[in-house]
Amino acid sequence: MPSSYTGAEKRRIAWLALKAGKQSLAGDRNDDTIDPKLKREMDRIEERAADRGQREVQALQQKLSAARNAAATAKATMRTSNGKDRATARRQMNDHEQAARRIERELRRYQ
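Each value, and the rule that gives it
Residues numbered from 1 in each chain as written. Predicted model: local features only at pLDDT ≥ 70, side-chain atom pairs only at ≥ 80, totals over all residues. Heavy atoms only, no water. Salt bridge = Lys/Arg side-chain N within 4 Å of Asp/Glu carboxyl O. Helix = DSSP H or I, 4+ residues; strand = E, 2+ residues; numbered from the N terminus. Buried < 20%, exposed > 50% of the residue type's maximum accessible area, 1.4 Å probe, protein only. Contact = heavy atoms within 4.5 Å. Polar contact = N/O pair within 3.5 Å; in protein donor to acceptor, adjacent residues only side chain to side chain.

Asks: Explain the pattern of salt bridges to me, please; I cannot follow it from the model alone.
Replies: Pairing between side chains becomes possible if they bear opposite charge and their charged atoms approach one another. Per the stated rule, a full pass over the model turns up 6 salt bridges. With its nearest N and O atoms 3.1 Å apart, the salt bridge here joins Asp51 to Arg55. With Asp51 and Arg55 both in helix H2 (residues 36–80) and 4 residues apart, this pair spans about one turn of that helix. A residue is classified by how much of its surface remains accessible, and Arg55, at 56% relative accessible area, is exposed. A salt bridge links Arg109 to Glu106; the shortest N-O distance between them is 3.3 Å. Among the ionic contacts, a cluster of salt bridges with common partners joins Glu9, Arg48 and Arg52.

In structure tokens, the structure reads:
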């Protein structure tokens, strides 16, 4: 599942990891010495980041669909027109296709 962390969450995770590391070094090897509060807070951060990541993927997929539809519409306009209108439609089609490629690249970051 994709995750999307804010800067504050990344800093908090680093701080929690340091604190958990210190606690684990201080305790016995057989004893679970990491504070359950730290684990719960880490789980909450992970859950929020996973939810945010899933929502971002859904939003990007909707934008990708819209960009592809706009490119198809511009292509149809280009094929049915001539002269200046055709050149304008071609530029629009290229712009929409380029936007779709940018969105696809962004979506690959989540996979």
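Asks: Hey, could you run me through the environment of Tyr5 in this one?
Replies: Summarising the element assignment, Tyr5 is placed in the segment before helix H1 (7–26). Distance from Tyr5 to Arg48, taken between C-alpha atoms, is 8.4 Å for residues 43 residues apart in sequence. In this structure Tyr5 touches Lys10, Ile13, Ile45, Glu46, Ala49 and Arg52, once residues within four positions along its chain are discounted.

Asks: In this structure, what is going on with the environment of Arg12? I would like to understand it.
Replies: Here Arg12 lies in helix H1. Each C-alpha atom of the pair Arg12 and Met42 lies 8.7 Å from the other, and the pair is 30 residues apart in sequence. Apart from residues no more than four positions distant in its own chain, Arg12 is found in contact with Glu41 and Ile45. A distance of 2.5 Å separates the side chain of Arg12 from the side chain of Glu41, its partner in a polar contact.

Purely spatial values, then, with no claim about function.
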